[in-house]
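# Understanding the architecture of this molecule
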Amino acid sequence: MTIITALLALGGLTLLLAIMLIVANKKFYVYEDPRIDVVNDLLPQANCGACGFPGCKPFAEAVVKGEILPGKCSVNTEEGQQGIASYLGVDLGKEEKQVARLACGGGTNVAVNRSKYEGLKTCQASSLISGGDKGCFWGCLGLGDCAVSCDFDAISLNEHSLPVVDVDKCTACGDCVEACPKGLFSIHPISHRLWVNCKNLENGDAVLEECQVGCSACGKCAVDGKGNLISMINNLPAIDYGKDHKSQDAIQRCPTGAIVWLDDKKGIIKGPESKKIIRKGKRRLETS
């Protein structure tokens with residue numbers, strides 16, 4: 001009888017727990033639209049955050065809910081975007097491509113180092129020692145933290161240790177923005193062609209002792225930019241991209257080439273009055 005009683009008690013308890021689980025499952029069940037998984041499978045699974053969501057799955061959920069359109073994902077292929085749009089029966093919703101822009105032109109051929117850094121070869125480590133070894137405190141340290149951080153191989157260092165962004169590969173994920181200790185990267189619409197290629201806050205020709213392409217705050221670009229397009233703030237040109245900025249007028253008289261025009265095929269275009277840089281090797285510190 002003891003064994004039978006124990007078996008009945010155990011069976012009753014098992015049945016009770018099973019009933020509780022069934023009730024809980026029905027009560028707390030959260031429905032998930034099966035289309036979410038389909039859309040998620042059509043995404044690149046980069047989980048880069050460029051779309052504003054923490055990953056591809058949350059993005060897929062928002063697309064299925066109709067909160068955003070498939071074209072918001074800048075990493076996905078055109079076929080992938082179109083596949084999502086066709087599957088859900090929605091518009092593609094193309095958006096202007098966003099890219100990372102670098103606000104520095106001070107490669108080793110135009111900018112000098114005031115000291116020789118010996119240590120861990122990262123910009124973060126170098127910047128901890130008096131801001132780095134570069135003469136220009138605001139300039140790129142050239143050790144490539146940005147390139148290492150980019151999961152899309154969109155950034156490489158040129159022969160002058162200056163980062164170059166491949167706009168075709170760039171997804172505007174923002175990893176380079178976080179990686180740069182000097183805050184030289186920012187995310188912009190690709191239509192922002194007029195660009196201030198410097199962050200030096202000093203003024204006057206003394207700037208050129210440290211970097212030949214630094215902004216000397218002469219203000220010629222602010223005068224030449226039509227419709228108050230450019231104003232001088234903290235000795236640097238500030239472009240109001242809310243105004244018409246599709247003209248190269250502002251770069252024409254820049255003596256150093258600190259304000260430039262960015263062309264995807266031709267690269268950086270400087271005004272005719274900017275000093276031509278022909279040095280290929282490193283710029284040496286000039287001493288009296």
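Data block above holds the structure.
Moving on: the nonpolar core. Core analysis: the biggest nonpolar cluster contains 20 residues, and L194, W195, I230, I239, A250 and I259 have the highest contact counts within it. Elements represented by at least two residues in this core include exactly β5 (194-196), β7 (236-239) and β8 (259-263). A per-element tally of this core places β8 first, with 4 residues. One finds L102, I155, V167 and F185 within the second-largest nonpolar core, a separate group that totals 18 residues.

All right, on to the sheet that holds β5 then. The sheet built from 3 strands is open, its strands ordered β5-β8-β9 with antiparallel pairing. Only two strands of the sheet have a single partner each, and these edge strands are β5 and β9 (267-269). Across the sheet, the mean angle from the axis of one strand to that of its neighbour is 45°, orientation sign disregarded. Note: β8 against β9, 3 bridges, orientation antiparallel. What sits directly across from D263, in β9, is G267.

One non-glycine residue, D153, lies in positive phi territory at about 55°. Relative to the elements of secondary structure, D153 occurs in the loop between α6 (145-149) and β2 (155-157). Relative accessible area serves as the criterion here: at 59%, D153 is assigned to the exposed category. With phi around 60°, S161 is a residue other than glycine that occupies positive phi space. Relative to the assigned elements, S161 resides in the loop between β2 and β3 (163-165).

Counting buried residues in β8 gives 4 out of 5 residues, a clear majority hidden from the surface. The pairing of β5 with β8 spans 3 bridges and is classified as antiparallel. What sits directly across from V196, in β8, is I259. Where β8 hands over to β9, the hairpin turn is made up of 3 residues, counted between the paired strands.

What follows covers the side chain of D145. As for its placement among the helices and strands, D145 is situated in helix α6. K121 is the oppositely charged side chain nearest to the buried, salt-bridge-free D145, at an N-O distance of 11 Å. Apart from residues no more than four positions distant in its own chain, D145 is found in contact with T122, C123, Q124 and A179.

A few words on the pairing of strand β6 (residues 230-233). Across 4 bridges, the pairing between β6 and β7 is antiparallel. What sits directly across from I233, in β7, is L236. As consecutive antiparallel partners, β6 and β7 are separated by 2 residues, and within that stretch N234 has a phi angle of approximately 55°, a positive value.

A word on helix α3 (residues 56-65). Buried residues of α3: C56, F59, A60, A62, V63 and V64, and no others. Considering only its buried residues, α3 is in contact with α2 (35-41) and α4 (78-88).

Tallying each qualifying case throughout the model produces 2 aromatic pairs. Ring geometry for F53 versus F59: centroids 6.1 Å apart, planes at 80°, classification edge-to-face. F53 gets classed as partly exposed once you look at its relative accessible area, which sits at 22%. Summarising the aromatic geometry, the rings of F137 and W138 are spaced 5.7 Å apart at their centres and angled 90° between planes, so their arrangement reads as edge-to-face.

Turning to the pattern of salt bridges, a few remarks are in order. The tally for this structure, following the rule as stated, stands at 9 salt bridges. Across the pair R114 and E210 runs a salt bridge whose closest N-O atoms are separated by 2.8 Å. One end of the pair, R114, is in the loop between β1 (98-102) and α5 (123-127); the other, E210, is in helix α8 (residues 207-210), and 96 residues separate them in sequence. The class for R114 is partly exposed, based on a relative accessible area of 43%. A salt bridge links R253 to D224; its shortest N-O distance comes to 2.9 Å. Within this pair, whereas R253 is found in the loop between β7 and β8, its partner D224 is found in helix α9 (residues 220-224), the two being separated by 29 residues in sequence.

Turning to the side chain of H188, a few remarks are in order. Relative to the helices and strands, H188 resides in strand β4 (residues 185-189). Of the residues examined, H188 reaches a relative accessible area of 14% and is grouped as buried. Of note is the side chain of H188, whose polar atom sits 3.2 Å from the side chain of S186. At 2.9 Å, the side chain of H188 forms a polar contact with the side chain of H192. Excluding residues that lie within four positions of it along the chain, H188 makes contacts with K97, Q98, V99, R101, W195 and Y241.

Conventions and cut-offs
Residues numbered from 1 in each chain as written. Predicted model: local features only at pLDDT ≥ 70, side-chain atom pairs only at ≥ 80, totals over all residues. Heavy atoms only, no water. Core = buried A, V, L, I, M, F, W, Y, C linked by side-chain atoms within 4.5 Å. Buried < 20%, exposed > 50% of the residue type's maximum accessible area, 1.4 Å probe, protein only. Helix = DSSP H or I, 4+ residues; strand = E, 2+ residues; numbered from the N terminus. Pairing = 2+ DSSP bridges. Axes fitted to C-alpha atoms, helices over the stretch in contact; angles between N-to-C directions. Lys, Arg positive; Asp, Glu negative; His and termini not counted. Salt bridge = Lys/Arg side-chain N within 4 Å of Asp/Glu carboxyl O. Contact = heavy atoms within 4.5 Å. Phe/Tyr/Trp six-rings, centres within 6.5 Å; stacked < 30°, edge-to-face > 60°. Polar contact = N/O pair within 3.5 Å; in protein donor to acceptor, adjacent residues only side chain to side chain.

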